[in-house]
Amino acid sequence: MASPPTAAVTAAHLAPGERWPAAAAARYDLRPAATSADFDRAYAVLEAQFGPAGELERREVLWRWWQAPWPSTELAPITVRYHLTLAWDGDQLAGVRDHFSTVDRRTGRSVAFLSHALVLPPWRRSGLATLLRALPWADLQATAADLGVSPTEATLLTEMDLVAHDDEASHIRLIAYAGSGFRVVAPWHLPYAQPDFRAPSPAVPPCPVPMLLVVRQLGQEARTDISPLRLRAL
């Protein structure tokens, strides 16, 4: 099974204050991975960027997610869909984005788990990154609609390295997230560690990486708090 159809991205999917990149929207074609060749090409691009740092799941893991969604039943009413999208500039691959849409049919709570977004060097600062940032919200809406669910609450969730006093890059990332409507959840309220993505081995114990969770409460980006129920959903 290929990725679910990519939803149409509009200015409504941007964070308040973000500028709609009209030229980029007209230039780029965002298409879901529809064939195994699409998957292989997208994975190779992500692996080259994120693999050396241990920030990418193994190919067989994402392949299984891409082939079929998480089964949803009356006893397990949460549906999870994996989205793998390729951004094309004519016949050239300009970027790749992957993320998960998660919808609870019982409560209407929906969460988009952001995985990776990559704009290849020749296409940086062209507005494509803004389109890729907006895509998970569009896909989350489309997934909920396909399931016949009206979201009662929608959240974008991602992770970032711990902020270090002497690490300028970590401060820059945090400022960039804030500009896109995200806020850090205090780790004493919602502790998190990125799983060890290496292949399991009896000789090498798993080594999760502590990280911060960063959330955008869709439609409520100005909030400086988060409800316990929302935390539980995350």
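Residues numbered from 1 in each chain as written. Predicted model: local features only at pLDDT ≥ 70, side-chain atom pairs only at ≥ 80, totals over all residues. Heavy atoms only, no water.

Asks: Hey, could you go over the side chain of H99 for me, with residue numbers and the actual values?
Replies: Positionally, H99 belongs in strand 3 (residues 92-104). Side-chain polar atoms of H99 contact the side chain of D139, separated by 2.9 Å. Other than its neighbours up to four places away in sequence, H99 contacts R81, Y82, H83, F113, L114, S115, L135, P136 and D139. (Helix = DSSP H or I, 4+ residues; strand = E, 2+ residues; numbered from the N terminus. Polar contact = N/O pair within 3.5 Å; in protein donor to acceptor, adjacent residues only side chain to side chain. Contact = heavy atoms within 4.5 Å.)

Asks: Break down the packing of helix 2 (residues 36-50) against helix 3 (residues 59-67) for me, with residues and values.
Replies: Helix 3 packs onto helix 2 with a crossing angle of 140° between their chain directions and a minimal axis gap of 12 Å. If you check the angle between helix 2 and helix 3, you find them oblique. Here the hand of the crossing between helix 2 and helix 3 comes out right-handed. Between helix 2, through S36, F39, D40 and Y43, and helix 3, the contact on the second element is made entirely by R59, L62, W63 and W66. Here the residues of the contact of helix 2 with helix 3 sort into five nonpolar, one polar and two charged. (Axes fitted to C-alpha atoms, helices over the stretch in contact; angles between N-to-C directions. Parallel < 35°, antiparallel > 145°, perpendicular 65-115°, else oblique. Left-handed = near helix turned anticlockwise from the far one by under 90°. Nonpolar A, V, L, I, M, F, W, Y, C, P; charged D, E, K, R; others polar.)

Asks: Outline the layout of surface pockets, listing residues and values.
Replies: What the largest pocket holds in volume is close to 1600 Å³. Forming the boundary of the largest pocket are 41 residues, of which S115, H116, T158, E159 and Y177 lie nearest the centre. Broken down by secondary-structure element, the contributors of at least two residues to the lining of the largest pocket are helix 2, helix 3, strand 3, strand 4 (109-119), helix 4 (128-146), strand 5 (153-160) and helix 5 (168-179). Considering each element in turn, the lining of the largest pocket owes the most residues, seven residues, to strand 4. Residue classes in the lining of the largest pocket are distributed as 26 nonpolar, six polar and nine charged. In this structure, the second largest pocket occupies an estimated 260 Å³ of space. Around the second largest pocket, the lining comprises 13 residues; the ones closest to its centre are I78, D104, R109, R232 and A233. Among the secondary structure elements, those contributing two or more residues to the lining of the second largest pocket are strand 2 (78-89), strand 3, strand 4 and helix 6 (228-233). Each residue belonging to the lining of the second largest pocket can be placed in one class, and the counts come to seven nonpolar, two polar and four charged. (1 Å grid on protein atoms, 1.4 Å probe; cavity = no way out; pocket = protein on both sides within 12 Å on 5 of 7 lines; lining within 4 Å. Points joined across faces, edges and corners; volume = space filled by probe spheres on them.)

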